[in-house]
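# Observations on the model geometry
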Amino acid sequence: MNASSVSLCTLARRYWRLSVLAAAVAVAPLPLGSAAWAQGTAPSDPPLRLIKVIPINGTSAKPTTKMFSFDISFVDPTPFAGHPAGLYYLADRSNAAIDVIDVATDTLFGQIGGNGVGQANFKGDTGTTATSGPDGVAALFPCVFAGDGDSRLLSFNGNVDFTKVVSAMSTGGTLRVDEMAIDPAGLIIAANNADDPPFTTIFTFDKNTCALSNPIKTSFATVLGHQNTNGVEQSVWDRATQRFYVSLPEIDAVPPLAGGAGITGAVARITTGGAIEAVYPINYCQPAGLTVGPNGNLLVGCNSVFDNSGKKCSAVVPAPSPTTGTAAQMTPAAPATCTGGTAYPQVAICNPGQGCTGNSLSSVFGVGGGDEVWFNSGDGNYYVTAGNNPIGPTFGVVDSNTNTLTQLVPTLPATPVVPLVPPVGTRTTLISSGTAHSIAASPTNNHVYLPLPANNNYTAPPGGTPACLQGCVAVFSAQ
């Protein structure tokens, strides 16, 4: 895709080369560690393989809670006493906590929050992502930040007590604080994606105490003359340009296409003072994930997949299940439906320094329909979630040197949103749908972390013991 000049017919001619790679990945779960996981890799690249499954077995207060609902994950590689490779953080809404993993040992280090423990009081899974929490998470040791479902941004100080809240500041909205990015000089941007209109808030934080102050709000009702019609998503900080960038899933869509059906999204550039100073439209993508790679490039993760007529494909649909909230409901899903013919899942490589047009806006085909993306400076790879990839839920590995897809790894189909069967006389509660939509990697050991909802399909090598019955983080490595 060159969104400004390449036609869908051109996309079709380019895409055929990936058809064999795509066909190699089945919709049904594959045995982990088998040769099937290596299919699609370049001959010179060692494939990722599953090396460990880290169970998330509820909290100390509620050890039987299954993790179905989670959001953003983040690796902070900053070493500190006892943790030479830093920590991995996961916003775990089912357990109302941030799960913290020691990257050096790939073991659960602890939890922040969890049903009121440690004063965080995250909202947990309310049955809708708009009010659930925690959601976004980011860290720059000793500071850890998390967004909650009631429009609060919370900060914690790892040098004092990871579980004690330092600041809990409202962004001024009513719904969740979602994805965020950190400027190491002492700024953090956080998005209220579910509010209408959506907005971001830039806070100053004290790098010693982690206290938040001086909120600067930026509305995204309009973006330099473009109408924003479907929220805001992942943000990044770019050291080279000293700017924040925010992905916008949809701009300028006219009903009935507005609200998720439009073909044009964008990336916006924001100053540290909160001013929107540039917008880069991207067609046939609906940007969600965003990460900074080498040479001034941004990889833009496309939340949606479009077919060869320019229509949006339907999402991967979970199979109906008679069970209510059990691991058995993880059944294979129906592939996405593309009514206009062959689909072209893709992500975009955009270089803002060159305007994100012409040769500075290109496509990587074969992976798309996801949420969070990540660049790992340790191995030079982008990692891309693709829960709505038409061939089935996957994540992809993209080589940043060649901007090509080198591997697709099957994950798991989505779980349905289902009611729990309550005791007689009490209200029904809902478990939110769980998908493999969150990913992060460590530059220290090049391990890739993929949180997964509760299921019985993932086993822990080498013994093959089910390790994800209550939810887990799967760890992959090419080493």
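The structure displayed is predicted, hence computed values, not measured ones.

The rules behind these values
- Residues numbered from 1 in each chain as written.
- Predicted model: local features only at pLDDT ≥ 70, side-chain atom pairs only at ≥ 80, totals over all residues.
- Heavy atoms only, no water.
- Helix = DSSP H or I, 4+ residues; strand = E, 2+ residues; numbered from the N terminus.
- Buried < 20%, exposed > 50% of the residue type's maximum accessible area, 1.4 Å probe, protein only.
- Contact = heavy atoms within 4.5 Å.
- Phe/Tyr/Trp six-rings, centres within 6.5 Å; stacked < 30°, edge-to-face > 60°.
- Polar contact = N/O pair within 3.5 Å; in protein donor to acceptor, adjacent residues only side chain to side chain.
- Salt bridge = Lys/Arg side-chain N within 4 Å of Asp/Glu carboxyl O.
- Disulfide = S-S within 2.5 Å.
- Pairing = 2+ DSSP bridges.
- Axes fitted to C-alpha atoms, helices over the stretch in contact; angles between N-to-C directions.
- pLDDT = per-residue confidence, 0-100.

## Points about the overall build of the chain
The number of helices and strands found in the chain is two helices and 34 strands. Counting the 479 residues in the chain, one finds 57% classified as buried. Taking all contacts inside the chain whose residues are at least 6 apart in sequence as the whole, residues at least 24 apart take part in 55%.

## A few points about the packing of aromatic side chains
One pass over the full model with this rule turns up twelve aromatic pairs. Ring geometry for Phe-74 against Trp-374: centres 5.4 Å apart, planes inclined by 80°, an arrangement best described as edge-to-face. Taken together, the positions of Phe-74 in strand β2 (residues 70-76) and Trp-374 in strand β24 (residues 373-376) put the pair 300 residues apart, joining distant regions of the chain. When sorted by exposure, Phe-74 lands in the same class as Trp-374, which is buried. One aromatic cluster is present, built from ring pairs that chain together Phe-80, Phe-109, Phe-141 and Phe-162.

## Topic: the side chain of Thr-264
Summarising the element assignment, Thr-264 is placed in strand β18 (residues 264-270). What makes Thr-264 buried here is its relative accessible area of 19%. At a separation of 2.7 Å, a polar atom in the side chain of Thr-264 contacts the side chain of Asn-283. Look past the residues within four positions of Thr-264 in its chain and what remains in contact with it is Pro-249, Glu-250, Ile-251, Pro-281, Ile-282 and Asn-283.

## Side note on the environment of Val-316
Mapping Val-316 onto the fold places it in the loop between β21 (298-302) and β22 (346-350). With a relative accessible area of 8%, Val-316 lands in the buried category.

## Considering the environment of Thr-415
Relative to the assigned elements, Thr-415 resides in the loop between β27 (404-410) and β28 (418-419). For the pair Thr-415 and Phe-68, spaced 347 residues apart in sequence, the C-alpha to C-alpha distance is 7.8 Å.

## Details of the pattern of salt bridges
Inspection of every chain in the model, using the stated rule, returns ten salt bridges. Residues Asp-71 and Arg-93 are paired through a salt bridge, measuring 3.5 Å at the closest nitrogen-oxygen approach. A residue pair is termed long-range when its members are at least 10 positions apart, and Asp-71 in strand β2 and Arg-93 in the loop between β3 (87-92) and β4 (97-102) qualify at 22 residues. Classification of Arg-93 as buried rests on a relative accessible area of 4%. Here Glu-277 ties to Arg-243 by a salt bridge, and the two come within 2.5 Å at their closest N and O atoms. Note that Glu-277 is positioned in strand β19 (residues 276-283) and Arg-243 in strand β17 (residues 243-248), a separation of 34 residues in sequence.

## Re the state of the cysteines
Taken as a whole and assessed by the stated rule, the structure comprises five disulfides. Between the sulfur of Cys-143 and that of Cys-210 lies a disulfide, 2.1 Å long from S to S. Because the torsion about its S-S bond is -90°, the bridge between Cys-143 and Cys-210 counts as left-handed. A residue pair is termed long-range when its members are at least 10 positions apart, and Cys-143 in strand β7 (residues 143-147) and Cys-210 in the loop between β12 (199-205) and β13 (212-219) qualify at 67 residues. For Cys-143, a relative accessible area of 1% puts it in the buried group. Disulfide pairing places Cys-313 opposite Cys-338 at an S-S distance of 2.2 Å.

## A few points about the sheet that holds strand β23 (residues 361-365)
Strand order in the open sheet formed by four strands is β20-β21-β22-β23, and the pairing between neighbours is antiparallel. This sheet does not close on itself; its edge strands, each paired only once, are β20 (287-292) and β23. The mean inter-strand angle of the sheet, taken between neighbouring strand axes irrespective of direction, is 25°. Note: β22 against β23, five bridges, orientation antiparallel. From the neighbouring strand, Ile-349 faces β23, where its bridge partner is Ser-362.

## Thoughts on the confidence of the model for the chain
Interpretation of this model should avoid reading the predicted coordinates in detail wherever pLDDT is low. Averaged over all residues, the pLDDT of the chain equals 84, while 82% of them reach at least 70. The model gives residues 1-44 a pLDDT under 50, and that stretch makes 80 contacts with residues more than four places away or in other chains. Scored below 50 in pLDDT, residues 320-330 shows 33 contacts in the model against residues more than four places distant or in partner chains.

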